[in-house]
Amino acid sequence: MSEYIIVLITVSGEEEAANIATELVNAGLAACANIIRDVRSIYRWEGKTEDGSEVLMIVKTRSDLFEGLAAKVRQLHSYSVPEIIAVPVIKGLEDYLDWIKSETVEQP
């Protein structure tokens, strides 16, 4: 498994994204979170096809922090079933990966 991951999280709006991102970074669960506005999402929910506007968060962290990050997001998120999907970082600039490591908390 990769030591580093990118976590994709969709939220209802930019303010919610900023709140979650700030909490994750301040808690040391993420080194960085990018917020992308105006994402159009088409999905099935409760038997119906939905078409709505969301905000996408791209969160950079370590794989060993995923469970804590997901728990924090669930605590702060307005959706009952939030998208929290991790993808492995296969390669990256070593200096950048070192920065991610230095800006996140070590787990016991």
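See the structure printed just above.
As the structure is a computational prediction, the values presented were derived from the model and not from experiment.

Novice: Any chance you could explain the overall build of the chain here in plain terms?
Specialist: The secondary structure content of the chain amounts to 3 helices and 4 strands. Each helix and strand of the chain, ordered N terminal to C terminal, gives the series β-α-β-β-α-β-α. Computed over the C-alpha atoms, the radius of gyration of the chain is 14 Å, within 12% of the 13 Å expected from 2.2 N^0.38 for a compact globule of 108 residues. C-alpha atoms of the chain, sized along the principal axes, occupy 45 × 25 × 20 Å.

Novice: Explanation requested: a nonpolar patch on the surface in the structure shown.
Specialist: A cluster of nonpolar residues, Tyr-43, Trp-45 and Val-81, forms a patch on the protein surface that exposes about 290 Å² of accessible area. Relative to the helices and strands, Tyr-43 is located in strand 2 (residues 32–45). For Tyr-43, a relative accessible area of 36% translates into the label partly exposed.

Novice: Is there a simple way to think about the sheet that holds strand 4 (residues 84–88) in this case?
Specialist: In any sheet, the strands associate via hydrogen bonds between backbone groups, in a parallel or an antiparallel arrangement. The antiparallel open sheet is built from 4 strands, whose spatial order is 2-3-1-4. What marks the edges here is a single partner per strand, and that holds for strand 2 and strand 4. Ignoring which end each strand starts from, the neighbouring axes of this sheet average 30° apart. Running over the sheet, helix 1 (residues 14–26) touches strand 1 (4–11), strand 2 and strand 3 (48–62) and is turned about 130° from strand 2. Its contacts with the sheet put helix 3 (residues 94–103) on strand 1, strand 2 and strand 3, and the angle it makes with strand 3 is roughly 95°.

Novice: Just checking my understanding: could you explain the packing of helix 1 against helix 2 (residues 66–76) for this structure?
Specialist: How two helices sit against one another is set out by the angle between their axes and by the gap between those axes. The interhelical angle for the contact between helix 1 and helix 2, taken along N-to-C directions, is 145°, at an axis separation of 10 Å. In the packing of helix 1 onto helix 2, the handedness of the crossing is right-handed. Across the interface between the two elements, Glu-16, Asn-19, Ile-20, Glu-23 and Leu-24 from helix 1 touch Leu-69, Lys-72, Val-73 and Leu-76 from helix 2. For the contact of helix 1 with helix 2, a count of residues per class yields 5 nonpolar, 1 polar and 3 charged.

Novice: Please clarify how the pattern of salt bridges should be interpreted in this entry.
Specialist: Side-chain pairing between opposite charges can occur once the charged atoms of the two side chains come close. Tallied over the full model, the rule gives 4 salt bridges. The shortest N-O distance in the salt bridge between Glu-14 and Arg-37 comes to 3.7 Å. With a gap of 23 residues between them, Glu-14 in helix 1 and Arg-37 in strand 2 connect regions that are remote in the sequence. A relative accessible area of 40% means that Glu-14 is categorised as partly exposed. Arg-62 is the salt-bridge partner of Asp-64, the closest N and O atoms lying 2.9 Å from each other.

Thresholds, definitions, all that
Residues numbered from 1 in each chain as written. Predicted model: local features only at pLDDT ≥ 70, side-chain atom pairs only at ≥ 80, totals over all residues. Heavy atoms only, no water. Helix = DSSP H or I, 4+ residues; strand = E, 2+ residues; numbered from the N terminus. Rg over C-alpha atoms; globule rule 2.2 N^0.38 Å. Patch = residues over 30% accessible without salt bridge, like charges linked within 9 Å, V, L, I, M, F, W, Y side chains within 5 Å. Areas by Shrake-Rupley, 256 points an atom, 1.4 Å probe, with all protein chains shown as cover. Salt bridge = Lys/Arg side-chain N within 4 Å of Asp/Glu carboxyl O. Buried < 20%, exposed > 50% of the residue type's maximum accessible area, 1.4 Å probe, protein only. Pairing = 2+ DSSP bridges. Axes fitted to C-alpha atoms, helices over the stretch in contact; angles between N-to-C directions. Contact = heavy atoms within 4.5 Å. Left-handed = near helix turned anticlockwise from the far one by under 90°. Nonpolar A, V, L, I, M, F, W, Y, C, P; charged D, E, K, R; others polar.

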